[in-house]
Every structure is written in C-alpha cells, then in structure tokens.
Amino acid sequence: MRRQLRGVTASRGLALGRARVLHPQALVVEETRVAADQVEAELARLHAALDATRAELRALRERLHGALAHEVGEFIDLHAMILDDPELLQGLDDLVRTGRYGADYALKLQRDRLASVFEGMDDDYFRSRLEDLDHVVGRIHAALHRRGDDAIEGLAGEILVCETVAPAELAAWQARGVVAVATTTGSPLSHSAILARSLHLPLLVNVADLLAHANDGDALMLDASHGELVLEPGPDDLARYHERRHQIGRERAQLARLRRQPTRTRDGVDIRLYANAESREDVAEAHALGADGVGLYRTEFLFLQRKELPTEEEQFLAYRDLVLGMAGRVATIRTLDLGADKADRTGLALRSEPNPALGLRGVRLSLAHPGLFLTQLRAILRASAYGPVRILVPMVSGREEMQQVCDLLDQARASLLEEGRQVGPIAELGAMIEVPAAALGLGDIVDLVDFVSVGTNDLVQYLLATDRNHESLAELYSPRHPSVLRLLAEIFAFGRRNGIPVAVCGEMAGEAANVPLLLALGLRDFSLHPSTLLEVRKAVRDADHASLRRRATTLLRCHDRAAIDRWLQRC
C-alpha cells in the first residue's frame, strides 16, 4: 500500500530502489553460561570475532582513497581504538573466564557497564562516544554469528532504511551499490550528512515512523531534495520520478558547461571561488573545475592516519604536491586542527576533555607543542618555493596567539635560510574566524594578518551556543539566524575598510541557496568543497550584485529566519 513519509534533507538527490531494513543494534541476549571445560573454546570464539572485526575495519580503511581516507578514516580509527581498549577487552575476558558467561552475554554485560559510565556524564562528547561504542559492539556481535563474508553484499540498487548511520558504514554501503539512505534519527549537520554530500549519496534523516512501515523488499522512491519518501509508489509517483530524473540530467549538463566559465554576476562583478581540499584528488578536481585556488587545505590527514608524527620531509612533500597541483594558483594551508573531537593515534591530542569544543584544539594545541608547530611551519615555507602559499591558523581567539604564530613563523624562516634551504616569498598569514571573540576583536589582530577566513560551521555553533551535531537542536542551529548574518556583515565590512580579503570556508559557502545572502552582505571570496563548486558558480552567474547589495539593509533588519527566507524568495 502506498504511503508517503516526510523527513529532513541531509544530502540532496533522487533514488528509486528496494528497501533494505536494518533494525537498531539493541543487544537482546539471554544469559548463558559455559561449562568449565568450554571456557577456552568460548574465549577462542570471542577472540576470533574480535580479530574478524579488526580485519573488517582494516579492510574498510584500505579501500578508502582521497578525501574519504580522511573524512571516514578518522571514524574508523576511533572505532579501532575502542575495539582495542584494554577496559573493553579485559572485561570481556574476565566475564568469560571468571564468570563463565557465553561470549554474547559477556559482550552485552561489558557494553552495559561502559555505557552506564558514559550515560552518567553530563557531556555531549561522551554521549557521542556511546554511539561509537554501540557501533563497535554491533560489529563484534555480528562477527560472532557470521556464517560467511556476505553480511552486506547484494545491496546494489537498494535504499538503506535504518535508525542511524555512521560515516564508516556510509562509505562501505555506497561501495556495495546502495543508492540512497533514509534514517529515523540524525541531523543534516552531522559528519555522516557532510560525507553523504561529498559522496553525492541521497540521505534523508528524521523520517518519523519509517521503521514501523518499511519492510525488506518494499519499493521506495526517495526524493531527498524535497524531503519525501514514498513506500510502494504508484503510477503518478513513478511518472514524477522519471520527470525529475530528466530534469536533474538537464541541470547537470548545464552545470558541466560552466566548468570553464568565469564566476561573474549578471552585472559584471567577479567573485572568487576557492576549493576546500585534503587530497590530491580534491586538488585535481578543483583545478579541473577552474577554482581560483585552494582556500582551505586540511593538514590533519597527515596525523590521523598513523601512529607516529609525520616528519618535516613527509609534510613538505604533501604540501609541495598541493602547490604544484594548483599550477600557480594560490594554495591556502591550514595548520594542524586537531582536538579531542578529532583525536589522532599518536596521543598528541587529548582523547577526552570535559568539553572538547572549548578545549585544547586548533592553534591552542599547536602552541602547546611549539617544536611540532615549528616543524609544520618549516615544511609549509619550503613548499612555498614552488608557488604561492598562504598559511591559515585555526581557532584563533586573540592577539596573543597570532603574535606567537608570527614569532614562530619568523623563527622557521630564519632557520631555513641559515641552513641554505630554498623558500618562497613571504607567505601571507591568515586567521580563521570561528570564535566570536576573534570576530569582535578583528581590530586587535589587523596588523598581524594578511587575510581572514570565516569558519561558519564553528562560528554559528559558538555564537548560538548550539551543538551542530545534536539532532534535537537542528532547528536552532542555522547560519541564517539574524545574529549570524549581522556578525558576518560586520566582518565583511571590516575587511573592506582595512583592505583585508575575507573568505567564508564553512558549509554555508557551499550551499547555492545561500549565495544571494552572502553576496548581499558583501562577500567576494567563497571556499567550498569541489563537489558544489559548479552549483555555486551558477548561483553567482544568476545573481545581480548591485541589486542584492541595495537590499542588504532590508536583510539585516529581518528579526527571524522566516523573514530571511521570505527575503530570499524575492531574489
């Protein structure tokens, strides 16, 4: 029977396929005991499942390439760390060896023990780790009962229906042919949603009653662009699906023709589009799409994929390849941006903090390890000999931090010149504006920076005191909040008055629907994922810059998001 459900768009797209329903991984396991002479055999069964889970995570890690190696790799690394946690492993062994519990029941008991510790902490970070624990326990439980290696094979042409989805699972499912995903929970701002957009995989979240109505094998039509899911679509639905497919095909063909077209408004104003990148593939795509350069190159992947710190030479080669790949266009390299929410395997970043969003991260972590920071700065300066380079410093909150960075940068340059190393011209230095204090205190650092880049993902989070990954707060977190737009307008105006280029490098810049807002407020430099570059270019080419700037005063008088949406509808 046909049924139409509504959800929240997390990654746009259209799909028609069979439903594959994955029910929540609740461990409903009866208490079982093993005889004394069966303890070793049960331990062997448990250890075999643990080994199989490790091998599964390794295999998934090895299949990742390019941007996925960073975006998904950090979650796989986190799951691998949980899997090898001594408290988890020792507890399991003790429960089987001493308590003589079966492996399944021991897994449930140990999961519940660790979960009770996390649940007793009033902290979003630890609650998010509980979700990771459940994903790992679910993998171990599945390995205990796996009869073959076809657990998620045969997914081609299917739409996954589930409660939640981890980034690592998302990548694995797409590799096996999944055409879309629908979940009963989740946020359009989660890591999984961001990854789905990078993969061009349609994702619909917060679909109420989905698991109550969907069954394996049901025909599903998912239109994530319009927040719609239809179970057992009828003739009219299918006709609408095919019309939408043709429309999307036409739109893609039109976008493809913009690859070599200028990013210029209808009234002749040139806008610069830079790419956010973290791999050679991203750099090559940015170059092919005619990006003006790389506006944000993430260096964390050099640290997240290994157990030891990268050497200066290893970093230099990665940065040099970036610069060469841009063939004379500017490459903006962001210094290390690790923290408890993105802990590496070297132990450099703290694995847990009471509040990781406000903890030792970004430039704070780099300045806490000046030797490591100096190594990174030396590598960047060496790469600057091969083309134009800018250095971008994350999580800046005030002048003291930028002054210390300037001092270390001078020290790095002096040491390289003393050694006879080749370096380029003076590299421009910029600050990421993510902390409200930095946005309000731009005048305090104006003489220390050559440019600034607004990280809207975190700036919105801090300004609105709203966790951007908290699904219950999805309605509160919005870059279209009136206060956010007013603060952005002040930042852009400060840049114009002081001759300092200002870019926006958060998710906000990659949404074509936000282009009229940002142009009206005075933005000229966008930095975004290459996958959305052509859509944003089209939105710029469709815009009348002078008209939008004239309407900026009206925009800044809007008192709520509904008024801002109405302003956009009139564009």
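One can find the structure itself at the top, above this paragraph.
In short, a report on the structure. None of these values were measured; they are calculated from a predicted model. (Residues numbered from 1 in each chain as written. Predicted model: local features only at pLDDT ≥ 70, side-chain atom pairs only at ≥ 80, totals over all residues. Heavy atoms only, no water.)

**As for the overall build of the protein**
Defined as follows: Runs of H or I in DSSP of at least four residues are treated as helices and runs of E of at least two as strands, each being numbered from the N terminus. Burial classes: relative accessible area under 20% of the type maximum marks a residue as buried, over 50% as exposed, and values in between as partly exposed (1.4 Å probe, protein chains only). Working rule for contacts: check all heavy atoms of both residues, and any pair within 4.5 Å makes them a contact.
Helix and strand content of the protein: 25 helices and 16 strands. Within the protein, buried positions represent 56% of all 571 residues. Taking the intrachain contacts of the protein between residues at least 6 apart in sequence as the baseline, contacts between residues at least 24 apart amount to 69%.

**Side note on the pairing of strand β9 (residues 272-277)**
Put simply, the test is: In this description, strands pair whenever DSSP reports at least two bridges between them. By convention, a crossover is right-handed whenever its connection, traced from the first strand over the helix to the second and viewed with the strands pointing away, goes clockwise.
Of all the six residues making up β9, five are buried; the element is thus mostly covered by neighbouring parts of the structure. Across four bridges, the pairing between β9 and strand β16 (residues 525-528) is parallel. Bridging from a neighbouring strand, R272 pairs with D525 of β16. Relative to strand β10 (residues 293-298), β9 is paired through three bridges, and the arrangement is parallel. Of the residues in β10, the one forming a bridge with A275 is V294. One crossover worth recording links β9 to the parallel β10 by way of helix α11 (residues 280-288), and it is right-handed.

**Focus on the packing of helix α13 (residues 312-325) against helix α15 (residues 370-383)**
How we decide: To obtain an axis, a line is fitted to C-alpha atoms, over the contacting stretch when the element is a helix, and the angle between two such axes runs from 0 to 180 degrees between their N-to-C directions. The hand of a helix crossing depends on one turn: near helix anticlockwise from the far one by less than a right angle means left-handed, and clockwise means right-handed. Classification convention: Asp, Glu, Lys, Arg as charged; Ala, Val, Leu, Ile, Met, Phe, Trp, Tyr, Cys, Pro as nonpolar; all other residues, Gly among them, as polar.
For the pair α13 and α15, the least separation of the axes is 8 Å and the interaxial angle reads 35°. For the pair α13 and α15, the crossing hand works out as right-handed. Judged by residue contacts, E312, E313, Q315, F316, Y319, R320 and V323 of α13 engage T375, Q376, R378, A379, I380, R382 and A383 from α15. Along the lines of polarity and charge, the residues of the contact of α13 with α15 split into six nonpolar, three polar and five charged.

**Here we look at the sheet that holds β10**
In a beta sheet, neighbouring strands pair by backbone hydrogen bonds and run either parallel or antiparallel. One closed barrel accounts for eight strands, arranged β9-β10-β11-β12-β13-β14-β15-β16; its pairing is parallel. In this sheet, neighbouring strand axes are inclined to one another by 25° on average, regardless of whether the strands run parallel or antiparallel. Pairing analysis gives four bridges linking strand β12 (residues 389-393) to strand β13 (residues 428-433), with the strands arranged parallel. What sits directly across from V393, in β13, is A431. Lying over the sheet, α15 contacts β11 (330-334) and β12, oriented at roughly 155° with respect to β12.

No statement about biological role is implied by the geometric values presented.
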